[in-house]
Amino acid sequence: MATATYPPPPPYYRLYKDYLQNPKSAPEPPPPIEGTYICFGGSYTTDDVVPSLEEQGVRQLYPKGPNIDFKKELRTLNRELQLHILELADVLVERPSQYARRVEDVSLIFKNLHHLLNSLRPHQARATLIHILELQIQRRKQAVEDIKRRKEEAQKLLKESLATLDGQ
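What counts and how
- Residues numbered from 1 in each chain as written.
- Predicted model: local features only at pLDDT ≥ 70, side-chain atom pairs only at ≥ 80, totals over all residues.
- Heavy atoms only, no water.
- Pairing = 2+ DSSP bridges.
- Helix = DSSP H or I, 4+ residues; strand = E, 2+ residues; numbered from the N terminus.
- Core = buried A, V, L, I, M, F, W, Y, C linked by side-chain atoms within 4.5 Å.
- Buried < 20%, exposed > 50% of the residue type's maximum accessible area, 1.4 Å probe, protein only.
- Contact = heavy atoms within 4.5 Å.

## Observations concerning the pairing of strand β2 (residues 42–45)
Of the pairings in the sheet, the one linking strand β1 (residues 36–39) to β2 comprises four bridges and is antiparallel in character. Its bridge partner being in β2, Ile38 is matched across the sheet by Ser43. Where β1 hands over to β2, the hairpin turn is made up of two residues, of which Phe40 adopts a positive phi near 55°.

Written as structure tokens, this is what we have:
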């Protein structure tokens, strides 16, 4: 009995057998998935929505609404986190049996910080994309300038060589 190291390719590879001769012979890719879908037993959605802290069962420590000053709130939560960590250290030294409440407070602050930072991800992605596109534009402009400069050098060399040939 013969065994293969790798399984055979899926049967749909035959759809692409004439691709090199006629690239339009390949089937169109499937449309993107919209809404919810199931993958490996888990239900997922294509909506890029960060669930609110209330939906996760966590108390929100910063103001609600669309006009949040992220910088101010992150600084406030960071200071509060430092204070609670110092209080936790104090409680661990003086009353070790009462540390659980302080750990919960620190955990709540971390969850709020994490949620605020996740809310900034779309802005970060947009800014990163803008930066990448600006770099691409700059590189292309430099390439065009380099091509123009080399073209002028080549034309100058051709004129010099024609002048040298005409002079002989």
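## Considering the nonpolar core
In terms of nonpolar packing, the biggest core is built from twelve residues, these being Leu53, Val58, Tyr62, Ile68, Leu74, Leu77, Leu81, Val106, Leu108, Ile109, Leu113 and Leu116. Counting residues per element, the ones that place at least two in this core are α1 (70–94) and α2 (99–119). Of the residues forming this core, the biggest block, five residues, is contributed by α2. Once residues within four sequence positions are removed from consideration, Ile109 is found in contact with Leu61, Leu77, Glu80, Leu81 and His84.

## Considering the side chain of Glu73
Examined against the element boundaries, Glu73 turns out to sit in helix α1. On the basis of relative accessibility, which here comes to 8%, the residue Glu73 falls in the buried class.

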